[in-house]
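Residue strings, one per chain:
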Amino acid sequence: MLISILVGTSFAEITRYSVPLDGSPSLGPNSASVTIIEFIDYQ
Amino acid sequence: MKEYGQKVRLVIKFYPYKYRDFARISAGAALAAYDQGKFWEMHRLLLKRSPKLDRTNLITYAKEIGLDADKFRESLDTRKNDGIIERDVKLALSLDLYNTPTFFINGRRVIGDVPYEYLKKIVLEELNAAKK
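Residues numbered from 1 in each chain as written. Chains lettered and ligands numbered in written order. Predicted model: local features only at pLDDT ≥ 70, side-chain atom pairs only at ≥ 80, totals over all residues.

(A) Spotlight on the nonpolar core. Ranked by size, the top nonpolar core spans 28 residues in total, and within it Ala27(B), Ala29(B), Ala30(B), Ala33(B), Met42(B), Leu46(B) and Leu58(B) carry the most contacts. Elements with a contribution of two residues or more to this core: strand E2 (34-40) of chain A together with strand E1 (8-14), helix H1 (23-35), helix H2 (39-49), helix H3 (55-64), helix H4 (69-77) and helix H5 (82-94) of chain B. Looking at this core, the element that brings in the most residues is H1(B), giving eight residues. The next biggest cluster of nonpolar side chains, apart from the first, holds nine residues, and it includes Val34(A), Val8(B), Phe104(B) and Ile105(B). (Core = buried A, V, L, I, M, F, W, Y, C linked by C-beta atoms within 7 Å. Buried ≥ 20, exposed ≤ 12 C-beta atoms within 10 Å, placed from the backbone. Helix = DSSP H or I, 4+ residues; strand = E, 2+ residues; numbered from the N terminus.)

See below:
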């Protein structure tokens, strides 16, 4: 019981930002369970 | 990235640092290649050849990956896709980003040039969470 509460707490602490995709260049299916958004500077 | 096939999607946003000479034109080059259906070819080349990213270099790279050089040059010179770059920069600023690269993995922020293993760890956590 105690363990499940601790696990629940640690997940709750993860901050998730909402970042619009806006049709940016992408690789991989829209149905992917993980989306990585990378802000890049080529130089 | 390739390791996870159909389960992971990578999305690129442009955040050219304004005090670097070729940051913006390079983003423009990536988008010019995107317009010709060869974004990832150019993306990889830009990462590989950086910091050699002046206009002449970029046109050489465009030819190297088989782009229509006239269209490519026109896109650079008219700054055709500046609106997209500007939109991404505004988004970055609205998220208080001041570093590149910055990643959002299912919304979890990772700032800076972190080891590949660290990114992989978070991706795996998210993949595992999705399975539940």
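Having put the structure on the table, let's press on.
(B) Molecular detail of the environment of Leu31(B). Residues and elements named next belong to chain B. Assignment of secondary structure puts leucine 31 in helix H1. Given 23 C-beta atoms within a 10 Å radius, leucine 31 is considered buried. Put simply, leucine 31 and arginine 108 are 77 residues apart on the chain and 26 Å apart in space, counted from C-alpha to C-alpha. Once residues within four sequence positions are removed from consideration, leucine 31 is found in contact with Asn81 and Ile84. (Contact = placed C-beta atoms within 7 Å.)

(C) Region of the structure containing H1(B). Residues and elements named next belong to chain B. Compared with an ideal rise of 1.5 Å per residue, which puts 13 residues at 18 Å, H1 spans 19 Å between its outermost C-alpha atoms and is within 8% of the ideal. The complete set of buried residues in H1 reads Ala23, Arg24, Ile25, Ser26, Ala27, Gly28, Ala29, Ala30, Leu31, Ala32 and Ala33. In this fold, the buried residues of H1 make contact with E1, H2, H3, H4 and H5. Positive backbone phi, at 75°, marks glycine 37, one or two positions downstream of H1. (Expected span 1.5 Å × (residues − 1).)

(D) Spotlight on the packing of H2(B) against H3(B). Residues and elements named next belong to chain B. Interaxial distance between H2 and H3 falls to 10 Å at its minimum, and their mutual angle equals 135°. Here H2 is positioned oblique relative to H3, judged by the angle of their axes. As for how H2 packs across H3, the hand of that crossing is right-handed. Judged by residue contacts, Met42, Leu45 and Arg49 of H2 engage Asn57, Tyr61 and Glu64 from H3. Residue composition of the contact of H2 with H3, grouped by class: three nonpolar, one polar and two charged. (Axes fitted to C-alpha atoms, helices over the stretch in contact; angles between N-to-C directions. Parallel < 35°, antiparallel > 145°, perpendicular 65-115°, else oblique. Left-handed = near helix turned anticlockwise from the far one by under 90°. Nonpolar A, V, L, I, M, F, W, Y, C, P; charged D, E, K, R; others polar.)

(E) Here's a closer look at the interface of chain B and chain A. Facing the 43 residues of chain B at the interface are 25 residues of chain A. Mapped onto the side of chain B that touches chain A, the elements with two or more residues apiece are E1, H1, H2, H5, strand E2 (102-105), strand E3 (108-111) and helix H6 (116-131) of chain B. Sort the elements by how many residues they give to the side of chain B that touches chain A and E1(B) lands first, with seven residues. Residues that form the side of chain B that touches chain A fall into these classes: 28 nonpolar, seven polar and eight charged. As defined by bridge partners, strand E1 (residues 26-27) of chain A adjoins E1(B) across two bridges and the pair is classed as antiparallel. Bridging across to E1(B), Leu27(A) finds its partner in Leu10(B). (Pairing = 2+ DSSP bridges.)

(F) Highlighting the sheet that holds E3(B). Here five strands make up an open sheet; going across it, the order is E1(A)-E1(B)-E2(A)-E2(B)-E3(B) and the pairing mixed. At either margin of the open sheet sits one strand with a lone partner, and together these are E1 of chain A together with E3 of chain B. When E2(A) meets E1(B), the two strands line up parallel, connected through seven bridges. The partner of Thr35(A) across the bridge, within E1(B), is Arg9(B).

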